[in-house]
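As a plain string of letters, each chain reads:
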Amino acid sequence: MNNKNMSKLASLKIKIIPLALAVITLITLVMPYATYKYRSHTYAVKGIGLLTKATICGGKITIPVSPFPVVMVVAAVLIILMAVFAVKKPALSLEVLTIASVAGVMSTFKMATGMSKVIPDAKSVGSSTGALVALILFILILIIGLWELKEYKILGALDFMCIPGMLYLLINNYIPMFGIYIAFKKVDYSKGLWNSDWVGMTNFKYLFASSDAFIITRNTLLYNVAFIVLGLLTGIIAGICLAELFSKVAQKFYQTTILLPQLISMVIVSYIVYGFLSNESGLLTKAMGGTINFYATPKVWPFILILVYIWKQLGYNAIVFLSSIVGIDKSMYEAARVDGATKMQQIMRVTIPQLKPTIITLFILQVGRIFYSDFGLFYQVPLDAGALYNVTNTVDTYVYRALLVNNNISTASAASTYQAIVGFAIVFAVNMIIRKVDRENAMF
């Protein structure tokens, strides 16, 4: 087959076929997408009715405009446009076409499997032929797009192996971000999340009007600052100590010993702490003559929580730094010894500077979660004691209590949104500072 015929075949696959399938997908909007029962009869709703606020049940119910059919139509139109311009820029067109087909598959799948949420007020709502046909067409377009990306060598075998992980990341981490809109609504379960009343910034005003916002912000930030500084410091010290052990058997023993807490569930850790601090039989309580009730004394808990965190994370940080120390060129230490450097001078002038990239990387990664807290550490270890809320309440525990204890999903969502925005701003600011100081070690 000559180059001209191959070009025509490629044009057919990346232009004509997706174009035809996308046009047929739009045509399916005149087909029944949903069925519902009214007065013992079954009626059908065309796809176009989901976009135009059509009335059903004798005009008693107006179908709300759902985002899923809107996304489906936008995806189909985008596929048509990309197919038209595929000849000029085939690679870019295929990439956009594939992304649009993924959006189309997800939206039509949501409609086909959850039509009762698209039309929430009617009885016995189910999907019909049109939604299923549209789903199949989008799947075919997606398959063509992925195959052609492989043919154009835009995607390789390793890229296809990454697709399951990317889908998991998309479904688990990115799609739930649309739930941010809950923070701006007064949730009424009888109306559903989407149809609940819009209240704007009211939930945020309620959050910041109380002292809770200041307490959870203060606790979350200050604890994490202490965790980052002390965690890195103790990790460096432990890593250097492990590297200085000449006996490999002793090194492996100590590595395993300090790593064990990392593998223990926080529930088990809470029982260990309780064994020391219990009012009745705690080892530390008895040693102090029972003069202090730890679970009713807030001032001691910042030290307890920091100690527990450092104890639990020490093994992980030590091994990270140990792996970096092992990779340092031994000739640098030999040159330092020839120059008469002591062991401490070798550590300060050779080891620490060589650990700088590792320290910066771990610092940025931990700053990335500076506005998040270990839920188990702040909820289970203090046993959710009400007397300790002033020093143990963080954003994560506040969201948990607002959601499951107070059943206030709107306030919980507002707190989570506040957490995400402030966390992003802090990460961005820290990375900008690092770029100014040492551009090579910045994350982006």
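Residues numbered from 1 in each chain as written. Predicted model: local features only at pLDDT ≥ 70, side-chain atom pairs only at ≥ 80, totals over all residues. Heavy atoms only, no water.

Student: Lay out the overall build of the protein chain in plain terms, naming residues and giving numbers.
Tutor: Scanning the protein chain for helices and strands turns up 19 helices and 7 strands. In terms of overall size, the protein chain is more extended than a compact globule, its C-alpha atoms giving a radius of gyration of 30 Å where 444 residues would be expected to give roughly 22 Å. Taking the principal axes of its C-alpha atoms as reference, the protein chain extends roughly 80 × 65 × 40 Å. Taken over 444 residues, the protein chain has a buried fraction of 40%. When contacts within the protein chain are restricted to residue pairs at least 6 apart in sequence, long-range pairs at least 24 apart make up 64% of them. Carbon and sulfur atoms make up 68% of the accessible area of the protein chain, which amounts to about 25,000 Å² in all. Separation between the mean location of the 36 positive side-chain charges and that of the 18 negative ones in the protein chain comes to 10 Å. (Helix = DSSP H or I, 4+ residues; strand = E, 2+ residues; numbered from the N terminus. Rg over C-alpha atoms; globule rule 2.2 N^0.38 Å. Buried < 20%, exposed > 50% of the residue type's maximum accessible area, 1.4 Å probe, protein only. Contact = heavy atoms within 4.5 Å. Areas by Shrake-Rupley, 256 points an atom, 1.4 Å probe, with all protein chains shown as cover. Lys, Arg positive; Asp, Glu negative; His and termini not counted. Charge placed at Lys NZ, Arg CZ, Asp CG, Glu CD.)

Student: Before we move on, could you go through empty space enclosed by the protein and cite the residues and values that matter?
Tutor: One pass over the full model with this rule turns up 1 cavity of 30 Å³ or more. Contributing to the lining of the largest cavity are I240, E244, I325, Y333, I347 and T351. Considered class by class, the residues forming the lining of the largest cavity number 4 nonpolar, 1 polar and 1 charged. (1 Å grid on protein atoms, 1.4 Å probe; cavity = no way out; pocket = protein on both sides within 12 Å on 5 of 7 lines; lining within 4 Å. Points joined across faces, edges and corners; volume = space filled by probe spheres on them. Nonpolar A, V, L, I, M, F, W, Y, C, P; charged D, E, K, R; others polar.)

Student: Please give an account of the packing of aromatic side chains that cites residues and values.
Tutor: All told, the structure shown has 16 aromatic pairs when counted by the stated rule. With a centroid separation of 5.4 Å and 70 degrees between ring planes, the pair formed by F253 and Y254 is classed as edge-to-face. One aromatic cluster is present, built from ring pairs that chain together Y223, F227, Y309 and F378. One residue, R369, lies across the ring of Y372, its end atom 5.0 Å from the ring centre. (Phe/Tyr/Trp six-rings, centres within 6.5 Å; stacked < 30°, edge-to-face > 60°. Lys NZ or Arg CZ within 6 Å of the ring centre and 35° of its normal.)

Student: Explain helix α15 (residues 356-367) to me, and be specific about the residues and the numbers.
Tutor: The end-to-end C-alpha distance of α15 is 16 Å, a good match for the 16 Å that 12 residues give at a rise of 1.5 Å each. When we look at burial in α15, the residues that qualify are T358, I360, L362, I364, Q366 and V367. Its buried side turned inward, α15 meets α8 (212-243), α12 (301-326) and α19 (409-437). (Expected span 1.5 Å × (residues − 1).)

Student: With reference to specific residues and values, describe helix α3 (residues 90-113).
Tutor: Its 24 residues place the ends of α3 34 Å apart at the C-alpha level, agreeing with the 34 Å of an ideal helix rising 1.5 Å per residue. Of all the residues in α3, the buried ones are S93, L94, L97, T98, A100, S101, G104, V105, S107, T108, M111 and A112.

Student: Lay out the nonpolar core with the relevant residues and their values.
Tutor: Grouped together as the largest cluster of nonpolar side chains are 38 residues, with contacts concentrated most on L50, I56 and I119. If you list the elements that add at least two residues to this core, you get α1 (3-27), β1 (32-38), α2 (67-84), α3, α4 (115-118) and α5 (129-151). Looking at this core, the element that brings in the most residues is α5, giving 8 residues. Those residues within four positions of I56 in sequence are excluded, and the remaining contacts are Y36, V45, I61, I63, I119 and A122. Of all hydrophobic cores here, the second largest spans 24 residues; its members include Y223, F227, V269 and L277. (Core = buried A, V, L, I, M, F, W, Y, C linked by side-chain atoms within 4.5 Å.)

Student: Describe the layout of surface pockets, and please don't skip the residues or the numbers.
Tutor: If a probe the size of a water molecule is rolled over the atoms, the empty space left behind becomes visible. One number sums up the size of the largest pocket: a volume of about 1,700 Å³. Lining the largest pocket are 43 residues, and of these F68, M106, S107, I175 and F178 lie nearest its centre. Sorting the residues of the lining of the largest pocket by element identifies α2, α3, α4, α5 and α6 (157-174) as the ones contributing at least two each. It is α3 that provides the largest number of residues to the lining of the largest pocket, a total of 9 residues. When the residues that make up the lining of the largest pocket are grouped by side-chain class, the tally is 32 nonpolar, 6 polar and 5 charged. Considering only enclosed or pocket space, the second largest pocket measures out at about 850 Å³ in volume.

Student: Could you give an account of unusual backbone geometry, naming the residues involved and the relevant values?
Tutor: Even without glycine at this site, L383 takes up a positive phi of about 60 degrees. Its identity is not glycine, yet D384 carries a phi of approximately 50 degrees, on the positive side. Looking at where D384 falls in the secondary structure, it is placed in the loop between α16 (375-380) and α17 (389-392).

Student: Run through the sheet that holds β1, naming residues and quoting values.
Tutor: In spatial order, the strands read β2-β1-β5; together these 3 strands make up an open sheet with antiparallel pairing. Every other strand in the sheet has two partners, leaving β2 (41-46) and β5 (123-127) as the edge strands with one partner each. Adjacent strand axes in the sheet meet at a mean angle of 25 degrees, parallel and antiparallel pairs treated alike. Where β1 and β5 come together, 3 bridges link them in antiparallel fashion. Bridge pairing in β5 places A34 opposite S127. (Pairing = 2+ DSSP bridges. Axes fitted to C-alpha atoms, helices over the stretch in contact; angles between N-to-C directions.)

Student: Go over the packing of α15 against α19, please, and point to the residues and values.
Tutor: Look at α15 against α19: their axes get within 9 Å of each other, and the N-to-C directions meet at 160 degrees. On the basis of the axis angle, α15 is roughly antiparallel to α19. Contacts from I360, F363, I364 and V367 of α15 reach α19 at I426, V427, V430, N431 and I434. Tallied by class, residues from the contact of α15 with α19 come to 8 nonpolar, 1 polar and no charged. (Parallel < 35°, antiparallel > 145°, perpendicular 65-115°, else oblique.)

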